[in-house]
Amino acid sequence: MGQNQASENSEFVQFKAPGFSQTNTPTHTNTHVHKHAHTCAHTYRHTHAHTSTHTLPLMLSKPSLFYFEGTRVPVHLAGRSRVFMSRAVSEECGSAVDTMALSLGWLSAAVSGLVCAHALQRTRFPYFWRDLVFLLRVVRYGARLEFYRWRRSVRTVLDRFVEQAQRVPNKPFVIYEGTAHTYRDVEQRSNRLANVFLDSVGLQRGDCVAMLMNNEPDYLCVWFGLAKVGCTAAFLNTNIRSGSLLHCLDCCGARTLLVGSDLLECLESILLDLQQRNIQVWTMKSHVRYPQVCSLLEQLDVGSDKLVPAELRATTSITAPAMYIFTSGTTGLPKAAVITHLQSLKAASGFSAFGATESDVIYTSLPLYHSAASLVGIGGTIELGATCVLKKKFSASQFWPDCRNHGVTIFQYIGELCRYLCNQPKTEMDQVHKVRMGVGNGLRQDVWRKFLLRFGNIKLCEIYGSTEGNLCFMNHIGKTGAVGRSNVFYKLLFKYDLVKYDLVKDEPVRDQHGFCQRVKKGETGLLLSRVSGISPFFGYAGNKQLTEKKLMRNVLVKGDAYFNTGDLMAEDQEGFICFRDRVGDTFRWKGENVATTEVAEVLSVVDFVQEVNVYGVEIPGHEGRAGMAALIVRPGFVFDGDKLFDCAVKDLPAYARPLFARLRETLEMTSTFKQQKFQLVQSGFNPSTISDPLYVLDYHQKSYVPLTDQIYQNVVSGKWKL
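Residues numbered from 1 in each chain as written. Predicted model: local features only at pLDDT ≥ 70, side-chain atom pairs only at ≥ 80, totals over all residues. Heavy atoms only, no water.

Undergrad: Honestly, the overall build of the protein chain in this entry has me stumped. Any pointers?
TA: In terms of regular secondary structure, the protein chain is built from 22 helices and 36 strands. In the protein chain, which comprises 722 residues, the proportion classed as buried is 51%. Of the accessible surface of the protein chain, which amounts to about 33,900 Å², a share of 53% is contributed by carbon and sulfur atoms. (Helix = DSSP H or I, 4+ residues; strand = E, 2+ residues; numbered from the N terminus. Buried < 20%, exposed > 50% of the residue type's maximum accessible area, 1.4 Å probe, protein only. Areas by Shrake-Rupley, 256 points an atom, 1.4 Å probe, with all protein chains shown as cover.)

This is the structure in structure tokens:
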């Protein structure tokens, strides 16, 4: 019989004898094994001769496998050849066989258990490992923040920047209009500005200084220079004008205003007001023609770049204000949200939580006066030691060429930005880039899918959270349409609830005991975030009443307090959070919050307006809602589109100007005497379904003109410029 045939018919036998053990793979010839098998038996007879044990014949009627001196061998003995071994040897063999069988059983059970656990995890908990890795990153960073709180010694975002300037001084920190500014460059220029602030401007530790500047490297240098002398910066929205700007300065208590060189003309109408309020104005411009304005650049040219004392910027409290960022909310004029070191450090960890590294190049075209660009974008770049490509304004035509030229790997977005990119003409270069991740908010599902289909496999990570809020969701999975993700681990750390909301009454639904009611999974509810030591709410500067209005008390139990986000959300069965709509007196347009009460107050000064109700309406293909004003014309007056246009353009930023106007005989009120918006929002702006006179904002005619069916179709199809 051949060797192959023998191995196929072999039975497995284990001998615990010198030179032999069980095996599976035959290698030696039968003759070789036969010889050593008899030698083994002879050896055991002599070895155990002094014992009283009897020999036990082991019958080998079929080819068998042995292990001899580290080699697997088959044994084929013709007929009924016998190998005699002692009883002790055979018992030892039996014990080894039992041990091997037991081991194989345990191994088989362990493997089966792992396979079942893996299958269960893949089917029931498909995001478990990604959730765990993400949470570990968040917890590790959070532990560092708690350590700062415990030690009462905080390493701020600015401290981190100084560290990076020492670690990688020659690495580009900011690339702006093709010019690279290294960490050392920004560090030295911010030092020079810090000295100017102390010696020429006369600033002192603890002062609040307002900044009205567009995106540019000097924005960062001024910001860091102020922080180095212990001043708190207040970031002003560059769209605000006149009264709103003065209001912002009053809110934060700033007595110094720093203005970018390209925005100085915007202050011309209020320079005397600023002077009367004893607010000094400095600008990043030479040869200023206004006597009330001083030039920072002229002082900067002769200033020193020596280090200012580090104790000026040192802080012992992680909850001390680091800056103020203005936000439009539900109560009218912009409010100064208090941004503490705790919040700025949390925001700076966003990119690293999503898996970014110092080798990434981050593209930021969002305005730096927003927390997304300043705290997440610049703060995140500093935390990583990465490079930021900074744009003054977003340009859809320049976006992809910029990404290719600078090797961009991560970009920041709002939903409108991605829609603009999708509306650009298609080219063969659409997927020729290194971009692997986008981080932002407000992206619609249809635009999300179009973007991925056209520009390739880019992970889009949504972040949900308001500037002043105490809750943040992050869609680290990248699931289309979700603004964030929650799981059992997250809920252990951050407490939030979705409660039922009555859209008609414009208020949460409460039971007979006065408590709110949680919605079921998949249902839409108002998102509330519990205020606690882990998730504090710091509110707004200079107005405790506005801070209190953002809180809801006695929500689920007596004595609790929740931050009211004003957003309707839904959480699906897998824990993904989806945005549904805004409630109350605020809507978003062009990436900005529009406070309806502020707009209504501005429009109410027009002589023919008796009453006005401002709300937002959806326009197909556009993010957010466009502003619309329902007006009651004062008796004895007539509607004047020119006057309304002049008022809107003069006193409102572009994103807050109502695009549509609707004339009404009456304006409905709720039972609590609030203006009813729900029915107006639902009816939209279609002239074929609305009998009231409708008007549209027309920049060419500089007036509000009648909204015809043709204009309506142009608006809906995107032909009418909004």
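Undergrad: Explain the pattern of salt bridges here, please?
TA: Where side chains of opposite charge bring their charged atoms close, a pairing between them can arise. Taken as a whole and judged by the stated rule, the model has 27 salt bridges. Two residues, Asp-607 and Lys-643, come together in a salt bridge whose shortest N-O distance is 2.7 Å. Linking Asp-607 in the loop between helix 19 (596–603) and strand 32 (609–617) with Lys-643 in helix 20 (residues 641–651), this pair joins segments that are 36 residues apart in sequence. Look at Asp-607 and you get partly exposed, because its relative accessible area is 33%. Among the charged side chains, a salt-bridge network with shared partners connects Arg-155, Arg-160, Glu-163 and Glu-383. (Salt bridge = Lys/Arg side-chain N within 4 Å of Asp/Glu carboxyl O.)

Undergrad: What is the right way to look at the packing of aromatic side chains in this model?
TA: Aromatic rings considered in pairs are described by the distance between their centres and by the relative angle of their planes. Counted by the stated rule, this structure contains 29 aromatic pairs. Within the aromatic cluster, the residues linked to one another by ring pairs are Tyr-363, Phe-394, Phe-399, Trp-400, Phe-411, Tyr-413, Tyr-420, Phe-451 and Phe-455. Sitting over the ring of Tyr-540, Lys-335 keeps its end group 5.0 Å from the ring centre. Seen from the ring of Phe-576, Arg-485 lies directly overhead, with NZ or CZ sitting 4.7 Å from the centre. (Phe/Tyr/Trp six-rings, centres within 6.5 Å; stacked < 30°, edge-to-face > 60°. Lys NZ or Arg CZ within 6 Å of the ring centre and 35° of its normal.)

Undergrad: What should I look at first to understand the nonpolar core in this one?
TA: Burial of nonpolar side chains together is a common tendency in soluble globular proteins. Ranked by internal contacts, the top residues of the largest apolar core, which has 98 residues, are Phe-173, Phe-224, Leu-226, Phe-411 and Phe-451. Phe-411 has contacts with Tyr-363, Phe-399, Leu-417, Cys-418, Val-435, Met-437, Gly-438, Val-439, Phe-451, Ile-458 and Leu-460, leaving out every residue within four places of it along the chain. In this structure, Leu-659, Leu-663, Tyr-704 and Val-715 belong to the second largest nonpolar core, which totals 48 residues. (Core = buried A, V, L, I, M, F, W, Y, C linked by side-chain atoms within 4.5 Å. Contact = heavy atoms within 4.5 Å.)

Undergrad: Help me understand the pairing of strand 20 (residues 459–464), please; the structure alone is not making it clear to me.
TA: Look at any regular strand and the pattern is simple: side chains alternate between the two faces of the sheet. Of all six residues that make up strand 20, five are buried, and the element is covered over most of its length. One ladder, built from four bridges, connects strand 19 (residues 437–441) with strand 20; its direction is parallel. In the sheet register, Val-439 faces strand 20, and the bridge partner there is Cys-461. Crossover connection from strand 19 via helix 16 (residues 445–455) to parallel strand 20: handedness right-handed. (Pairing = 2+ DSSP bridges. Right-handed = clockwise from strand over helix to strand, strands pointing away.)

Undergrad: I keep staring at the packing of helix 7 (residues 217–228) against helix 13 (residues 371–384) and nothing clicks. Help me out?
TA: Two numbers describe how helix 7 lies on helix 13: the axes approach to 13 Å, and their chain directions differ by 80°. Taken together, the axes of helix 7 and helix 13 lie roughly perpendicular to each other. Between helix 7, through Leu-220, Trp-223 and Phe-224, and helix 13, the contact on the second element is made entirely by Ser-374, Ile-378 and Ile-382. Of the residues contributing to the contact of helix 7 with helix 13, the split by class is five nonpolar, one polar and no charged. (Axes fitted to C-alpha atoms, helices over the stretch in contact; angles between N-to-C directions. Parallel < 35°, antiparallel > 145°, perpendicular 65-115°, else oblique. Nonpolar A, V, L, I, M, F, W, Y, C, P; charged D, E, K, R; others polar.)

Undergrad: Can you walk me through helix 7 in this structure?
TA: For an α-helix, 3.6 residues make a turn, and residues three or four places apart therefore share a direction. For helix 7, spanning 12 residues, the distance from its first C-alpha to its last is 17 Å, which sits close to the expected 16 Å at 1.5 Å a residue. In terms of burial, helix 7 is largely enclosed, as 11 of its 12 residues are buried. All buried positions along helix 7 are accounted for by Pro-217, Asp-218, Tyr-219, Leu-220, Cys-221, Val-222, Trp-223, Phe-224, Gly-225, Leu-226 and Lys-228. Once helix 7 finishes, Gly-230 follows within two positions and takes phi at roughly 80°, a positive value. (Expected span 1.5 Å × (residues − 1).)

Undergrad: What am I meant to see in a positive patch on the surface here?
TA: On the surface, a cluster of positive charge is contributed by Arg-130, Arg-137, Arg-140 and Lys-459. Top contributing element to the positive patch by residue count: helix 4 (residues 128–151), with three residues. The topology assignment puts Arg-140 in helix 4. (Patch = residues over 30% accessible without salt bridge, like charges linked within 9 Å, V, L, I, M, F, W, Y side chains within 5 Å. Lys, Arg positive; Asp, Glu negative; His and termini not counted. Charge placed at Lys NZ, Arg CZ, Asp CG, Glu CD.)

Undergrad: I keep staring at the pairing of strand 9 (residues 208–212) and nothing clicks. Help me out?
TA: Across the five residues that make up strand 9, a large majority, five, are buried. Residues Cys-208, Ala-210 and Leu-212 of strand 9 are buried on one face, and the alternating residues Val-209 and Met-211, pointing to the opposite face, are buried as well. Sheet topology note: the strand 9/strand 10 (residues 232–235) ladder contains four bridges and is parallel. Note on strand 10: the bridge partner recorded for Cys-208 is Thr-232. Note that strand 9 and strand 11 (residues 256–259) share four bridges and pair parallel. Its bridge partner lying in strand 11, Ala-210 is registered against Leu-257.

Undergrad: For this particular structure, what's the right way to read the sheet that holds strand 9?
TA: Backbone hydrogen bonds are what pair the strands of a sheet, in a parallel or an antiparallel way. Spatially, 13-12-11-9-10-14-15 is the arrangement adopted by the seven strands of the open sheet, whose pairing is mixed. The sheet is open, and its two borders are formed by strand 13 (293–295) and strand 15 (335–340), each paired with just one other strand. In this sheet, neighbouring strand axes are inclined to one another by 25° on average, regardless of whether the strands run parallel or antiparallel. Against the sheet, helix 8 (residues 242–252) touches strand 9, strand 10, strand 11, strand 14 (321–327) and strand 15, its axis set at about 150° to strand 14. Those strands touched by helix 11 (residues 341–348) are strand 14 and strand 15, and its axis lies near 75° from that of strand 15.

Undergrad: When you look at the environment of Ser-371 in this model, what are you seeing that I'm missing?
TA: Relative to the helices and strands, Ser-371 is located in helix 13. On the basis of relative accessible area, Ser-371 is assigned to the buried category, the value being 19%. The spacing of Ser-371 and Tyr-324 is 47 residues in sequence and 9.9 Å in space, taken between C-alpha atoms. Aside from chain neighbours lying at most four places away, what touches Ser-371 is Ile-325, Val-376 and Thr-467. One polar contact links Ser-371 to Thr-467, side chain to side chain, over a distance of 3.3 Å. (Polar contact = N/O pair within 3.5 Å; in protein donor to acceptor, adjacent residues only side chain to side chain.)

Read these as spatial facts, not as claims about activity.
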